[in-house]
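Residue-level listing of the chains:
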Amino acid sequence: MSKTIVSIMNVEKMYGENHVVKNMNMNIAEGEFLTLLGPSGCGKTTTLRMISGFEMPTAGAIKVQGESVEKKEPYQRDVNTVFQNYALFPNMNVYDNVAYGLKVKKVPKKEIHERVMEALRMVQLEGFEKRRITQMSGGQKQRVAIARAIINRPKVLLLDEPLGALDLKLRKQMQIELKRLQKKLGITFIYVTHDQEEALTMSDRIAIINEGRIEQIDTPVEIYKHPKTKFVANFIGETNLLDAVVLEVNGDTAVIGTEVGKAMVQLDPKDKIAVNDGLAVSVRPEHMKFSKTPVDGFTIKGIVKENIFVGNLIKMMINLNDGTEIRVNRFDASDLSEPGELVYLYWDLPKGVVIKEKELIHTDSVKDIEGGDPDEEE
Ligand SMILES: Nc1ncnc2c1ncn2[C@@H]1O[C@H](COP(=O)(O)OP(=O)(O)OP(=O)(O)O)[C@@H](O)[C@H]1O
Ligand SMILES: [Mg+2]
C-alpha cells in the first residue's frame, strides 16, 4: 500500500449559481497515474485548478502531503501544471524556456545548467537547447513543456489534456512515452482527458466524472468490466444496456423481465437484489450472443438489420421490437444470421453486468454546504 499524497475531502465548487464540483472525495497515492475522465464541462479543469491551489473550493478541503496547497506561495508548492497550450515563451530557445523557473528563483547558474540538461535528457531533447520554440514540432513543444514542469522536481504533476493538440499518431506515441517517463520519475500524475482510450492506456486508476460528480474511481480493467453506473457503462467503450425488473431470485442468479422478454443474470451478493427491484444489465457487443433457436432462460428476440464488415470484425445490428438496437461483434464470418432473420439474444451469465443505480449523494442545495468554509464567517 502506498501513501496518500493528495486528498480531496468533501469538495464543492460553485461559480455563482453554477454548481460545478459536487461532493468530491478521493485519495491519490504517491507515484500513481490518476486520470480524470469525463465529457466537456464536467469539472475536470476546475478540479485540477483547485489541486494546484489557483482556485479555492467553495467547501471542503484539498491537501497535498497533509497541507493545504493555497497556504504556500505558488513557487514553493509541490505541485506543477502542464497546460494544454503548453504556455511556452515563443521567442526564447528551449534551454531558456526550461531554465526560466530556476532563474526566477535565483538558483546558481551551474546548478541551473545541470538541472536543465537532466530534464532535457529525461524528455529526449538533448541537443535541442538552442532551438527556438517556433522551430519545434507539436510533440517536441509538448516535451519542452514537460521538461519545464519537472525541473522543479514537483511531487505532483497536473496535466490538462496535454496531448489534445497533437495528431492521432503522435498522440499515441506520446501516450506511451509519457507513461514511461512518469514511472521513471516516480512523480504522481493527475491527468485530464476526455478521450477514453487514452485514459484506459495510461492510467493506474480512472475517476469518471459526470456533471461534477465522481461516478466511479477504479482501475481501467474494473471500469471496463464492472461499470457501476449506466453513465460509466455508456461512456467507456460500446455497450448494450437493457432496463429490467427482477422477477425471481434463485440463489446467485435472477430472472429479469425487460420490455422485450426475459433474461437471466448472475448476482453479486453485495448488491442485495430482491424481487421487484429495478436494474440495468450491460452486455458488451463482443459478449452478446445470438441463436436461431430459443436458449434456456432467455426470450428476447430480434431481427437482424445489417452486418457491417470492419476488417477482421463483423458488426451486427439487431433490432428488438421496442425499437432498441442491439450491437453484436463477431470475429467469425462463417456463423452469421442474415438481415431479416429472427434471432434469440443471450449471454454467458458472468458477461451480463448488473448495474444497480445507487442513490448518488445529493448536495445540490447550497444550504447543505454553508458553514463548511471558515472563510465565509464574516
Ligand atoms: N472561472 C469560471 N467562472 C464561471 N464558470 C466557470 C469558470 N470556469 C469554469 N466554469 C464552468 O464550470 C463548469 C466546468 O468547467 P471546467 O472547465 O472544469 O470543465 P472541463 O471538464 O475541464 O471541460 P473541457 O473538457 O471542455 O475542458 C463549466 O460549466 C464551465 O462553464
Ligand atoms: Mg478543461
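The protein appears in an unreviewed UniProt entry as Spermidine/putrescine import ATP-binding protein PotA from Roseburia porci. The heading Catalytic activity (unreviewed entry) in the UniProt record of the protein holds the text "ATP + H2O + polyamine-[polyamine-binding protein]Side 1 = ADP + phosphate + polyamineSide 2 + [polyamine-binding protein]Side 1." The UniProt entry for the protein carries the following comment under Function (unreviewed entry): "Part of the ABC transporter complex PotABCD involved in spermidine/putrescine import. Responsible for energy coupling to the transport system."

Caption draft 1: Looking closely at the overall build of the protein. Broken down by element type, the protein carries 9 helices and 20 strands. Projected onto its principal axes, the C-alpha positions of the protein cover 80 × 55 × 40 Å. Sorting the 378 residues of the protein into buried and exposed places 48% on the buried side. For the protein, restricting intrachain contacts to residue pairs at least 6 apart in sequence, the fraction spanning at least 24 positions comes to 66%. For the protein, the accessible area works out to roughly 19100 Å², and carbon and sulfur atoms hold 50% of it. Where the 51 positive side-chain charges of the protein centre and where its 55 negative ones centre are 8 Å apart.

Caption draft 2: Geometry of the sheet that holds strand E4 (residues 59-64). Here 4 strands make up an open sheet; going across it, the order is E2-E1-E4-E5 and the pairing antiparallel. Of all strands in the sheet, those with a lone pairing partner are strand E2 (18-29) and strand E5 (67-68), marking the two edges. Contacting strand E1 (4-15), E2 and E4, helix H1 (residues 44-52) crosses the sheet at an angle of about 120° to E1.

Caption draft 3: Representation of the site of ligand 1. Taken together, 13 residues form the shell around ligand 1, and within it Ser40, Gly41, Lys44, Thr45 and Thr46 come nearest. With respect to ligand 1, the backbone of glycine 41 contributes an N or O atom lying 2.7 Å from an oxygen atom. In this structure, threonine 45 approaches ligand 1 through a side-chain N or O atom, which is 2.8 Å from an oxygen atom. Coverage of ligand 1 by the protein chains reaches 59% of its 640 Å² of free accessible surface.

Caption draft 4: Spotlight on the sheet that holds strand E18 (residues 325-330). Pairing is antiparallel in the open sheet, where 5 strands are placed in the order E15-E19-E16-E17-E18. A strand with exactly one partner marks an edge of an open sheet, and here the two such strands are strand E15 (289-291) and E18. Strand-to-strand twist in this sheet, taken as the mean axis angle between neighbours without regard to direction, amounts to 45°. Across 6 bridges, the pairing between strand E17 (residues 313-320) and E18 is antiparallel. Residue methionine 317 lies in a different strand from E18, and its bridge partner there is arginine 327.

Caption draft 5: Structural detail: empty space enclosed by the protein. One pass over the structure, following the stated rule, counts 1 cavity of 30 Å³ or more. The calculated volume of the largest cavity comes to roughly 60 Å³. In terms of lining, the largest cavity is formed by Val64, Gln65, Glu67, Ser68, Val69, Lys72, Arg77 and Asp78. Of the residues in the lining of the largest cavity, the class split is 2 nonpolar, 2 polar and 4 charged.

Caption draft 6: Summary view of the UniProt feature "domain: ABC transporter" (unreviewed entry) in the protein. Mapped onto this numbering, the UniProt entry gives "domain: ABC transporter" (unreviewed entry) at residues 6-236. Annotated as 36% helix and 27% strand, the span residues 6-236 places its first and last C-alpha atoms 25 Å apart.

Caption draft 7: Region of interest: the nonpolar core. In this structure, Val98, Val116, Val144 and Leu157 are the most contacted members of the largest nonpolar core, which totals 37 residues. Listing elements by their share of this core, those giving two or more residues are helix H2 (94-104), helix H3 (109-122), helix H4 (138-150), strand E7 (156-160), helix H5 (168-185) and strand E8 (188-193). In terms of residue count, H4 provides more of this core than any other element does, 6 residues in total. Setting aside chain neighbours within four positions, we find valine 144 in contact with Leu88, Val94, Asn97, Val98, Leu125, Ile133 and Met136. By size, the runner-up hydrophobic cluster in this structure holds 30 residues, among which are Val260, Val281, Leu320 and Leu336.

Caption draft 8: Seen up close, the confidence of the model for the protein. Per-residue confidence for the protein gives a mean pLDDT of 89; residues scoring 70 or more make up 94%. For residues 359-378, every residue scores under 50 in pLDDT, and the model assigns this stretch 24 contacts once sequence neighbours within four places are set aside.

What counts, and at which threshold
- What you see as residue numbers is a count from 1 along each chain, following the sequence as written.
- Throughout, the order in which chains and ligands are written sets their labels, letters from A for the former and numbers from 1 for the latter.
- Local features in a predicted model are, by the rule used here, given only for residues with pLDDT of at least 70; side-chain atom pairs are given and counted only at 80 or more, and totals for whole chains, interfaces and linings are based on all residues.
- Hydrogens and water molecules were not included; the side-chain quantities draw on all heavy atoms of the structure.
- UniProt positions are given in the numbering used here, feature names are shortened, and annotations may be inferred rather than shown by experiment.
- Counting from the N terminus, the helices are the DSSP runs of H or I reaching at least four residues and the strands are the DSSP runs of E reaching at least two.
- Any residue under 20% of the maximum accessible area for its type is buried, any over 50% is exposed, and the rest in between are partly exposed; the area is computed with a 1.4 Å probe on protein chains only.
- In what follows, residue pairs with any heavy atoms lying within 4.5 Å of each other are defined as contacts.
- All accessible areas in this document rest on Shrake-Rupley with a 1.4 Å probe, and a residue is counted as covered only by the protein chains that are shown.
- Note that His is not counted, nor are the chain ends; the positive residues are Lys and Arg, and the negative ones are Asp and Glu.
- To locate a charge, take atom NZ for lysine, CZ for arginine, CG for aspartate or CD for glutamate.
- Note: two strands are recorded as paired if DSSP finds a minimum of 2 bridges between them.
- Throughout, an axis means a line fitted to C-alpha atoms (over the contacting stretch in the case of helices), and angles, computed between N-to-C directions, take values from 0 to 180 degrees.
- By convention in this text, a residue qualifies as near a molecule or strand provided that one of its non-hydrogen atoms is within 4 Å of it.
- Whenever a nitrogen or oxygen atom comes within 3.5 Å of another N or O atom, the pair is scored as a polar contact, on the condition that within protein one atom can donate a hydrogen and the other can accept it, and that pairs from neighbouring residues in sequence are kept only if both atoms are in side chains.
- Here the term cavity refers to a set of points on a 1 Å grid, laid over the protein atoms alone, in which a 1.4 Å probe fits but cannot get out; the term pocket refers to an open set having protein on both sides within 12 Å along at least five of seven lines, with lining residues being those that place an atom within 4 Å of a point.
- Grid points are joined across faces, edges and corners, and a volume is the space filled by probe spheres set on the points.
- By the convention adopted, Pro, Cys, Tyr, Trp, Phe, Met, Ile, Leu, Val and Ala count as nonpolar, Lys, Arg, Asp and Glu as charged, and the other residues, Gly among them, as polar.
- Among buried residues, those of type Ala, Val, Leu, Ile, Met, Phe, Trp, Tyr and Cys that are joined through side-chain atoms within 4.5 Å constitute a nonpolar core.
- As a per-residue quantity, pLDDT reports the predictor's confidence and falls between 0 and 100.

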